[in-house]
Amino acid sequence: MTPTFKSGQATLVQTIDNLQEITGAFRKAGRPVVLVPTMGALHAGHLQLVRVAKRIPGALVVVSIFVNPLQFAEGEDLDAYPRTLDADVELLRGEGADVVFAPSAREMYPNEFRTTVQPGALGTVLEGAFRPTHFAGVLTVVNKLFNIVGPTDAIFGEKDYQQLILIQQMVTDLNMGIRIHGVPIVREASGLAMSSRNRYLSEEEHEVALGLSAALTAGAHASESGADAVLAAARSVLAAVDGLDVDYLELRRASDLGEIGEDKAAGDTRLLIAARVGTTRLIDNAGILLGEVQRET
């Protein structure tokens, strides 16, 4: 049975056919359709994405909630990943989202995982070096969601910065004609980047995890002295934190995450970090303009 759609009431839809009845009517009327893809376990960062989507005049705001098995490798936290659909729907209703699309894995992958989207060279570095199949899974499910929803716009958080760049790459390379909007990271009062995985952290681990944002801040404060100084300042903070197992700390061009040239005068850059705290893996990043003093925002 097709759910009764009510604008701004976070109507829960769980099949592709039912969703396309709603989105198709809006597209036929010439209205924007805006997609906010999530894996659920929503927090303030996700809700900020919805608020940005709501600013697009006349838009139908569709929030997808789907824990995508294709982007989890063997041994990762697919089974343990938090699933809080009822609470998520209530939060989205409070923000005035129009539709919550929460399909099953069978609905999304009725024929298993036959066709995938490959990320190219950028998918093999940074996160891709530690999670080799991850970005193919991400791009495949995002591509499917784009085809299912037919959005004019899609909203993504900058915490997953490499993901954001790869999605823009896919949209450009495959001529999808969808506007991609990146939204700045939302942080806890402590400075820790909002993440659904933060709930895995014990109180003691939470304190250790603050080393990520502290390292980024230290790096940003060294920006006037160049790339080497940025990395040295961040590494100094990380070295002083017991319990952080760092996978990588790298400074890359912000536009495409390419490596900075030998002159290391790249201008707009991104400092990216990934580390494990206990059994929890966290990522974070910060935009840094080399050669300029960074100011708190």
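None of these values were measured; they are calculated from a predicted model.

The rules behind the values
Residues numbered from 1 in each chain as written. Predicted model: local features only at pLDDT ≥ 70, side-chain atom pairs only at ≥ 80, totals over all residues. Heavy atoms only, no water. Phe/Tyr/Trp six-rings, centres within 6.5 Å; stacked < 30°, edge-to-face > 60°. Buried < 20%, exposed > 50% of the residue type's maximum accessible area, 1.4 Å probe, protein only. Pairing = 2+ DSSP bridges. Helix = DSSP H or I, 4+ residues; strand = E, 2+ residues; numbered from the N terminus. Axes fitted to C-alpha atoms, helices over the stretch in contact; angles between N-to-C directions. Contact = heavy atoms within 4.5 Å.

Attention now moves to the packing of aromatic side chains. Under the criterion given, the structure shown has 5 aromatic pairs. Each ring, one from F72 and one from Y81, has its centre 6.0 Å from the other, and the planes form 75 degrees; the classification is edge-to-face. No difference in accessibility class separates F72 from Y81, as the two residues are buried. On the numbers, 4.8 Å between centres and 80 degrees between planes, the contact of Y109 with F113 is edge-to-face. Each residue in the set F66, Y109 and F113 is aromatic and connected to the rest through ring pairs, giving one cluster.

Before going further, it helps to spend a moment on the sheet that holds strand β7 (residues 244-253). Across the sheet, 3 strands lie side by side as β7-β8-β9; this open sheet has antiparallel pairing. In the strand order of this sheet, the two ends are held by β7 and β9 (280-289), each with one partner. If you compare each strand with its neighbour and ignore which way they point, the axes differ by 15 degrees on average. Both β7 and strand β8 (residues 268-277) contribute to a ladder of 9 bridges, which runs antiparallel. Bridged to Y248 within β8 is A274. Against the sheet, helix α8 (residues 203-221) touches β7, β8 and β9, its axis set at about 20 degrees to β9.

Our next topic: the sheet that holds strand β3 (residues 60-65). A sheet is described by the order of its strands in space; here 6 strands give the open sequence β1-β4-β3-β2-β5-β6, paired in parallel fashion. What marks the edges here is a single partner per strand, and that holds for β1 (11-13) and β6 (179-183). When the angles between neighbouring strand axes are averaged without regard to direction, this sheet yields 25 degrees. The pairing of strand β2 (residues 33-38) with strand β5 (residues 153-157) spans 2 bridges and is classified as parallel. Counted as the bridge partner of L35 is A154 from β5. Sitting on the sheet, helix α3 (residues 85-95) touches β1, β3 and β4 (99-101), and the angle it makes with β3 is about 160 degrees.

Glancing now at unusual backbone geometry. Its identity is not glycine, yet E112 carries a phi of approximately 65 degrees, on the positive side. Within the fold, E112 resides in the loop between α4 (105-108) and α5 (127-130). Residue L126 is not a glycine yet carries a positive backbone phi of 55 degrees. Mapped onto the secondary structure, L126 falls in the loop between α4 and α5. Owing to a relative accessible area of 4%, L126 belongs among the buried residues under this scheme.

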